[in-house]
Amino acid sequence: MLRDTSCRTQSERLFHEASRLIPGGVNSPARAFGAVGGIPPFIKRGQGTRLHDVDGNEFIDYIGSWGPHLFGHRHPAVLEAIQRALETGTSFGAPTEAEAELAALVRELVPSIEMVRMVNSGTEATMSAIRVARGFTQRNGIIKFAGNYHGHVDSLLVAAGSGALTLGCPSSPGVPAGATADTLVLPYNNVEKLQQAFAANADQLAAVILEPVVGNMGCVVPAPEFLSELRRLCDQHGTVLIFDEVMTGFRVARGGAQEIFGVTPDMTTLGKILGAGMPVGAYGGRADIMLNVSPAGKVYQAGTLSGNPVAMAAGKAMLQLIRDQNPYPRLEQLGKQLEAGFLAAAQQHGIAVQTNRIGSMLTVFMTADPVFDLDTATASCTDTFSRWFHGMLNRGIYLPCSQFEAMFISAVHTDADIAETLAAASAAFADISAAG
Ligand code: KE4
């Protein structure tokens, strides 16, 4: 049965009310349906793999709050940890045991992180990591890659992915030229351009920051030699290699992308899953670098709610689930099943698609050609994507509302969820094919 998510809904009423008070009616542009059109469903509650909106519609969720819900909404272990933490308070602005306990779990799962600082978002994590790398090397130059998104940090909001790319403002107004004067943007997966950039700027480069598997131009996997050459060049020139694993951390493997590809960064940024849905980000890495962070060192970074005890409790519960339950074989199986089904459904109805996937993170690109960087990603047909997106939404499947995002499967998605999703995908592709 097609669900009525058109303009005569509670979501419509709430969206118009919100739009009078909040820019675009949302607190983050990625949620606004700007690229796909229509009104975003206002969510009333989530449970497991399901979202329920204010109009009584139910969806199988493949956003998972843009990554955090590795074990679905309201996992009992996470809820119980939060409730237990709330019994003793919400925030103290003073050190608590939970902060070191979560730090120890992070180090156990991601051994390259010898020391870590908790912050409140992925943006804070990348902003701080860049500052520390600059303080440590006494250099200013930064390399980032087109289509990579590292949060809304001034110096990195250039040729950015995610909402910036989706809404056509990869380099935002309001960012002064000075803020990005030291930022070099290179094409992802292009070793030759990387070598040229180092040859021309090596002694000025404080850091290279990248998504070791990109989620923010849609899912793009690194070419085999890309990460290893990056590591070699950073070693050669004393440049700090920062893996932004805010999305891939604990998502693609227990130890993130660095575990899968066997390339060890000097620093790593984390977020999303680390907070289990609560606002947590983190940056960490080599102790000799991290000991430059105030108050141990001179590079200043601070935060009223950093290490918040309730958020720490949620993060601990999440990382203990990961450590004790090892969800990755199941995530790989579900990802493989879904990818194969999407490809078969598209092929059956003559729709040209490419799928890029790593574990439970994948994107269906509406293009006939391989996607390996921003240019090939943006060659996708966003109109076809929008039609597929709404065809799925109307059949109760909640996908990321942009061609340039990754979808996420949780460890609690069932075979029945996958079957229902693939049936919807086939019907949605059939509609597109029939409409010509
Ligand atoms: P936050 O500041 O949104 O917590 O994290 C920024 C960030 C940093 N690095 C990577 C690799 C990220 O993917 C993100 C945030 N991801 C987007 C989704 N693609 C968040 C969704 C949103 O902006 O609402």
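Residues numbered from 1 in each chain as written. Predicted model: local features only at pLDDT ≥ 70, side-chain atom pairs only at ≥ 80, totals over all residues. Heavy atoms only, no water.

Q: Explanation requested: empty space enclosed by the protein in the structure shown.
A: In this approach, a probe sized like a water molecule rolls over the atoms, and the result shows the empty space that is left. Enumeration according to the criterion identifies four cavities of 30 Å³ or more in this entry. If you add up the space inside the largest cavity, you get close to 70 Å³. In terms of lining residues, the largest cavity is bounded by Leu362, Thr363, Val364, Phe385, Trp388, Leu399, Pro400, Ser402, Glu405 and Met407. Those elements giving two or more residues to the lining of the largest cavity turn out to be strand E12 (361-365) and helix H14 (382-393). (1 Å grid on protein atoms, 1.4 Å probe; cavity = no way out; pocket = protein on both sides within 12 Å on 5 of 7 lines; lining within 4 Å. Points joined across faces, edges and corners; volume = space filled by probe spheres on them. Helix = DSSP H or I, 4+ residues; strand = E, 2+ residues; numbered from the N terminus.)

Q: Would you mind going over the pattern of salt bridges with me for this structure?
A: Opposite charge on two side chains permits pairing when their charged atoms draw close. Following the criterion strictly, the structure yields 18 salt bridges and no others. Here Arg387 ties to Asp383 by a salt bridge, and the two come within 3.5 Å at their closest N and O atoms. Within this pair, Arg387 and its partner Asp383 are both found in helix H14, separated by four residues, close to a single helical turn. Residue class for Arg387 comes out partly exposed when judged on its relative accessible area of 31%. Each of Arg231, Asp235, Asp266, Arg286 and Asp288 takes part in salt bridges that share partners, so that together they form one network. (Salt bridge = Lys/Arg side-chain N within 4 Å of Asp/Glu carboxyl O. Buried < 20%, exposed > 50% of the residue type's maximum accessible area, 1.4 Å probe, protein only.)

Q: Could you clarify how one ought to interpret the pairing of strand E3 (residues 58-61) in this entry?
A: One face of the sheet, then the other: side chains in a regular strand alternate in exactly this way. Direction of pairing for strand E2 (residues 50-53) relative to E3: antiparallel, over a ladder of three bridges. Within E3, the residue paired with Arg50 across the bridge is Ile60. Here E2 folds back onto E3 in antiparallel fashion, the turn holding four residues, of which Gly56 has a positive phi close to 80°. Relative to strand E13 (residues 397-398), E3 runs parallel, the two being bridged by two bridges. Counted as the bridge partner of Asp61 is Tyr398 from E13. (Pairing = 2+ DSSP bridges.)

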